[in-house]
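Here is what each chain is made of, one letter per residue.
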Amino acid sequence: MTAAPRVVVHPSKQILADAAAARLVGAIVDAQAERGVAHVALTGGSMGSAIIASLAAVPGRLAIDPTRLHLWWGDERYLPAGDADRNDTQNDEAGLASFGIPAEHVHRVAGPDSSESPEASALAYGEAIREHGQGSWDVVLFGVGPDGHVASLFPHHPAQRITDAIAVAVHDSPKPPPDRVSLTFECFERSHQVWFLVSGADKAEAVAAALAPGADRWDVPAAGPRGSDATLWLVDADAASGIG
Ligand SMILES: O=C1O[C@H](COP(=O)(O)O)[C@@H](O)[C@H](O)[C@H]1O
């Protein structure tokens, strides 16, 4: 059973980031109270870093026990560690380290400097997720591209159709860089909460398409993921402008 999408519109990108950060603190604190340990999948892109930056200003963040929080990425660009175009680098630059989470709890996807191929990196990441044995994600954060992509799952891309795998190598990405690693839809399906963080008029068409009745994830990947407890579209007014 999954939760139907619920849309929450915010006046601006900054208010969206700030409100989503406060909501994330609450979700992590609740997960730690209910399940002991919280596992959160972060996202790259503009909103992925905006929420990290806003988290640093949430007073309640001190209610989070950083030793019982594990951070992962829903996808990563297959680039060397520290490369400016990596999602984790951009999240680091937004202030990730300020939360004092043990480095071994920040699970980074291996790049070409430490893995033989995107396939080997995807396999290793999947193994790491399996080793942590978490039954499901407490929160998965998604940005949404103008084409409706989420993580590195793009419209009509064969990586969407990989099953029986936690993570997949993505080649020929329509958005540079061409090689990436992404968690699969099958992996994302094991989520308590799925949140789509979307800002900007350039995303309005994708938001409307993903929320349209009968939307197919093959055409609009953002139509796919849903949480068992909540599926939230946290958007600003510009991104919501196409919703009927
Ligand atoms: O390439 C990517 O794009 C998406 C969306 O990014 P945005 O800047 O348009 O919000 C992002 O969520 C994903 O992690 C990243 O690899």
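Residues numbered from 1 in each chain as written. Predicted model: local features only at pLDDT ≥ 70, side-chain atom pairs only at ≥ 80, totals over all residues. Heavy atoms only, no water.

The name an unreviewed UniProt entry gives the protein chain is 6-phosphogluconolactonase, with Terrabacter tumescens as the organism. Per UniProt, the protein chain carries the Pathway (unreviewed entry) text "Carbohydrate degradation; pentose phosphate pathway; D-ribulose 5-phosphate from D-glucose 6-phosphate (oxidative stage): step 2/3." On record in UniProt, under Sequence similarities (unreviewed entry), the comment for the protein chain is "Belongs to the glucosamine/galactosamine-6-phosphate isomerase family. 6-phosphogluconolactonase subfamily." (UniProt positions renumbered as here; feature names shortened; annotations may be inferred.)

A.B. asks: Lay out the site of the ligand with the relevant residues and their values.
C.D. replies: What surrounds the ligand is a group of 14 residues, the closest being Thr43, Ser46, Asp75, Lys175 and Lys203. Between an oxygen atom of the ligand and a side-chain N or O atom of Arg77, the distance comes to 3.0 Å. If the ligand stood free it would expose 390 Å²; the protein chains cover 94% of that surface. Those elements that provide at least two residues to the shell around the ligand are α2 (45-55) and β4 (75-77). Residue composition of the shell around the ligand, by class: two nonpolar, seven polar and five charged. (Near = heavy atom within 4 Å. Polar contact = N/O pair within 3.5 Å; in protein donor to acceptor, adjacent residues only side chain to side chain. Areas by Shrake-Rupley, 256 points an atom, 1.4 Å probe, with all protein chains shown as cover. Helix = DSSP H or I, 4+ residues; strand = E, 2+ residues; numbered from the N terminus. Nonpolar A, V, L, I, M, F, W, Y, C, P; charged D, E, K, R; others polar.)

A.B. asks: If you had to explain a nonpolar patch on the surface to someone new, which residues and values would you point to?
C.D. replies: Residues Val7, Val9 and Ile243 make up a contiguous nonpolar surface patch of roughly 200 Å² in combined accessible area. Structurally, Val7 is set in strand β1 (residues 5-10). (Patch = residues over 30% accessible without salt bridge, like charges linked within 9 Å, V, L, I, M, F, W, Y side chains within 5 Å. Salt bridge = Lys/Arg side-chain N within 4 Å of Asp/Glu carboxyl O.)

A.B. asks: If you had to explain the side chain of Thr89 to someone new, which residues and values would you point to?
C.D. replies: Relative to the assigned elements, Thr89 resides in helix α3 (residues 87-93). You can call Thr89 buried: its relative accessible area is 9%. For Thr89, the side chain forms a polar contact with the side chain of Asp88, separated by 3.5 Å. Not counting residues up to four positions away in its chain, the partners in contact with Thr89 are Gly82, Asp83 and Ala84. (Buried < 20%, exposed > 50% of the residue type's maximum accessible area, 1.4 Å probe, protein only. Contact = heavy atoms within 4.5 Å.)

A.B. asks: Can you explain the confidence of the model for the protein chain? Please cite residues and give values.
C.D. replies: The predicted model of the protein chain averages 97 in pLDDT, with 100% of residues at 70 or higher. With pTM at 0.98, the complex prediction returns an ipTM value of 0.97. (pLDDT = per-residue confidence, 0-100.)

A.B. asks: An account of the pattern of salt bridges is needed here, citing residue identities and associated values.
C.D. replies: Tallying each qualifying case throughout the model produces ten salt bridges. Among the salt bridges present, the one from Asp92 reaches Arg108, with a minimum N-O distance of 2.9 Å. Pair noted here: Asp92 is in helix α3 and Arg108 is in the loop between α3 and α4 (118-131), with a separation of 16 residues, a long-range link. Look at Arg108 and you get partly exposed, because its relative accessible area is 39%. One continuous salt-bridge network, built from bridges that share partners, spans Glu76, Arg86, Asp88, Asp92 and Arg108.

A.B. asks: So what about the pairing of strand β6 (residues 167-170)? Which residues, and what values?
C.D. replies: For a regular strand, side-chain orientation follows a simple rule: the groups alternate between the two sheet faces. Side-chain alternation along β6 places Ala167 and Ala169 on one buried face and Val168 and Val170 on a second face that is also buried. Relative to strand β7 (residues 180-183), β6 runs antiparallel, the two being bridged by four bridges. Note that in β7 the partner of Val168 across the bridge is Ser182. (Pairing = 2+ DSSP bridges.)

A.B. asks: Outline the sheet that holds β6, listing residues and values.
C.D. replies: Spatially, β4-β7-β6 is the arrangement adopted by the three strands of the open sheet, whose pairing is antiparallel. Each of the sheet's edge strands pairs with one partner strand only, and the pair in question is β4 and β6. Looking at each pair of strands side by side, their axes are set apart by 15 degrees on average, direction ignored. (Axes fitted to C-alpha atoms, helices over the stretch in contact; angles between N-to-C directions.)

A.B. asks: Describe the nonpolar core, naming the residues involved and giving the relevant values.
C.D. replies: Judged by nonpolar contacts, the single largest core of 72 residues is most densely connected at Leu24, Leu183, Phe196 and Trp233. Discounting residues that sit within four places of it in the chain, Leu24 has contacts with Val40, Ile51, Leu55, Val139, Leu141 and Trp195. (Core = buried A, V, L, I, M, F, W, Y, C linked by side-chain atoms within 4.5 Å.)

A.B. asks: Pulling in residues and values, what's your account of the packing of aromatic side chains?
C.D. replies: The description of an aromatic ring pair rests on the distance of the ring centres and on the angle between the ring planes. With the rule as written, the count across this model stands at five aromatic pairs. With centroids separated by 5.9 Å and ring planes inclined at 80 degrees, the aromatic side chains of Trp72 and Trp137 adopt a geometry described as edge-to-face. Residue Trp72 is found in strand β3 (residues 69-73), and its partner Trp137 is found in strand β5 (residues 137-142); the two are separated by 65 residues along the sequence. Given the relative accessible area of 0%, Trp72 is considered buried. Using a relative accessible area of 1% as the deciding quantity, one classes Trp137 as buried. An aromatic cluster of three or more residues is present, and its members are Phe142, Phe188, Phe196 and Trp233. (Phe/Tyr/Trp six-rings, centres within 6.5 Å; stacked < 30°, edge-to-face > 60°.)

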